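The residues making up each chain are set out below.
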Amino acid sequence: MKIERVELLHVAIPLVSPFRTSFGTMTTKDTFLLRVVTDAAEGWSEFAADPEPLYCSEFVGAAELVLDQHLVPRVTPEVTAAEVQARTHAIKGHQLAKATLETAILDAELRSYGMSIGTFLGATAAKVPAGVSVGIKNSIPELLADVEGYLAEGYARIKLKIEPGWDVEPVRAVRERFGDVLLQVDANTAYTLADAEHLRRLDEFDLLLVEQPLEEDDIRGHALLAQRIRTPICLDESITSAKDAATAIALDACRVINIKPARVGGYLEARRIHDVAVAHGIPVWCGGMLETGIGRGPNLALAALPGFVLPGDVSASRRYFAEDVTEPFELKDGFMHVPTGPGIGIEPIPETLKRFTTATNVLYS
Ligand code: OSB
Ligand code: MG
């Protein structure tokens, strides 16, 4: 496939409400979309991280630079999606930037065959149960009101963001008020092994899992923590490849894996992680990064693979945005439908995209 043009479009889309985690508060989805024009078709993707490197080391400015100077030059003038990883392997790290490039190329390629990404990846479900990630709130009543609203909308699972000072009490309050809903927590690396006894207090609430309690490079710490708490440990930030997944599983550092295609360099590696996990009997679920419809569509396709046995952070567009750059994805009876059109099955609405675009950078033409 000949690459004819690569464009990077900066977008800023207001969130319906601030999203607070242990690492910061987001009020706007401030990122970029990538548009790749080939001789066969056009493809789209979305960079998943933020302007600041708080979730991981990558951020918008660095991703734009590494795509421009190091990644795009390695895939032009001709490439297939399956070749992108090997072509860019010499460039250390930058998984989220690499995922953006691979996904736009994959989208174009699949569109040229008229094949959906779900079919390509091996999706076996037409719809997937949706969970919702609930940020840290100013008070327990505020949290309970939000959770009540999400449950009323039909979400199949609740994930509470936690940090020291906002953990046992919010979990207790949600359990007491809403009974045995599927419930899990996400610490985004906010604890240390010295907090093991404190984290053990979460055991009484029968959580599905605790996500990424310790720092991302602390695989051994997670293995030690796993021996001291009953709640299953799920890794997010720590897993950047299928090799990482194999290591974490072999060292008993996790019993569940959150697969975010962006974090692992794209959908091809995400599928490999799924396969490694399935081979070891490790359940997986699809994570999210507050994506626009451009990232949400292909995430839904991935979440439809058979090893995704837990509800993912694949909520409806309106949970994040009053208006998205694509047609909104909607929740129906607690499920999200997997797009069936060619490629990622969704594209920006030109007029809407134009309104949300703050700058455009042509990386190749
Ligand atoms: O850790 O899963 C995370 C959002 C941004 C960055 C990291 C995370 C999250 C979420 C929200 O938890 C998931 C979503 O609904 O997209
Ligand atoms: Mg997480």
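Residues numbered from 1 in each chain as written. Chains lettered and ligands numbered in written order. Predicted model: local features only at pLDDT ≥ 70, side-chain atom pairs only at ≥ 80, totals over all residues. Heavy atoms only, no water.

Describing the domain arrangement of the chain
Next up, step 1: Per the domain assignment, the segments of the chain are domain 1 (3–114 + 348–364) and domain 2 (118–337).
Next up, step 2: Each of domain 1 and domain 2 has a C-alpha centre, and the two are 23 Å apart.
Next up, step 3: Contact between domain 1 and domain 2 buries roughly 3200 Å² in total, counting both sides, with carbon and sulfur atoms accounting for 63%.
Next up, step 4: On the domain 1 side of the interface with domain 2, the three residues burying the most area are Phe 19, Arg 20 and Tyr 55, jointly 22% of the side's total. (Domains from an automatic or database assignment. Buried area = accessible area lost by both parts, 1.4 Å probe.)

Here we look at the site of ligand 1
Next up, step 1: In the vicinity of ligand 1 lie 16 residues, with Lys 161, Asp 186, Asn 188, Leu 290 and Tyr 320 positioned nearest.
Next up, step 2: Between Tyr 320 and ligand 1, the recorded distance is 2.7 Å, taken from a side-chain N or O atom to an oxygen atom.
Next up, step 3: Starting from 390 Å² of accessible surface for ligand 1 in isolation, the protein chains cover 99%.
Next up, step 4: Here the shell around ligand 1 is built from residues that sort into six nonpolar, three polar and seven charged. (Near = heavy atom within 4 Å. Polar contact = N/O pair within 3.5 Å; in protein donor to acceptor, adjacent residues only side chain to side chain. Areas by Shrake-Rupley, 256 points an atom, 1.4 Å probe, with all protein chains shown as cover. Nonpolar A, V, L, I, M, F, W, Y, C, P; charged D, E, K, R; others polar.)

Structural notes on the packing of aromatic side chains
Two aromatic rings are characterised by how far apart their centres lie and by the angle between their planes.
Next up, step 1: A full pass over the atoms with the stated rule returns four aromatic pairs.
Next up, step 2: Where Phe 23 meets Tyr 55, the ring centres are 6.1 Å apart and the plane angle is 55°; that geometry is what we call tilted. Taken as a pair, Phe 23 in the loop between β1 (3–21) and β2 (24–38) and Tyr 55 in the loop between β3 (42–46) and α1 (60–75) lie far apart in primary sequence, 32 residues in all.
Next up, step 3: Using a relative accessible area of 8% as the deciding quantity, one classes Tyr 55 as buried.
Next up, step 4: Arranged with centres 6.0 Å apart and planes meeting at 40°, the rings of Tyr 320 and Phe 321 form a pair that is tilted.
Next up, step 5: Tyr 320 gets classed as buried once you look at its relative accessible area, which sits at 5%.
Next up, step 6: Given the relative accessible area of 3%, Phe 321 is considered buried.
Next up, step 7: Directly above the ring of Phe 356 sits Arg 355, whose terminal nitrogen or CZ lies 5.8 Å from the centroid. (Phe/Tyr/Trp six-rings, centres within 6.5 Å; stacked < 30°, edge-to-face > 60°. Helix = DSSP H or I, 4+ residues; strand = E, 2+ residues; numbered from the N terminus. Buried < 20%, exposed > 50% of the residue type's maximum accessible area, 1.4 Å probe, protein only. Lys NZ or Arg CZ within 6 Å of the ring centre and 35° of its normal.)

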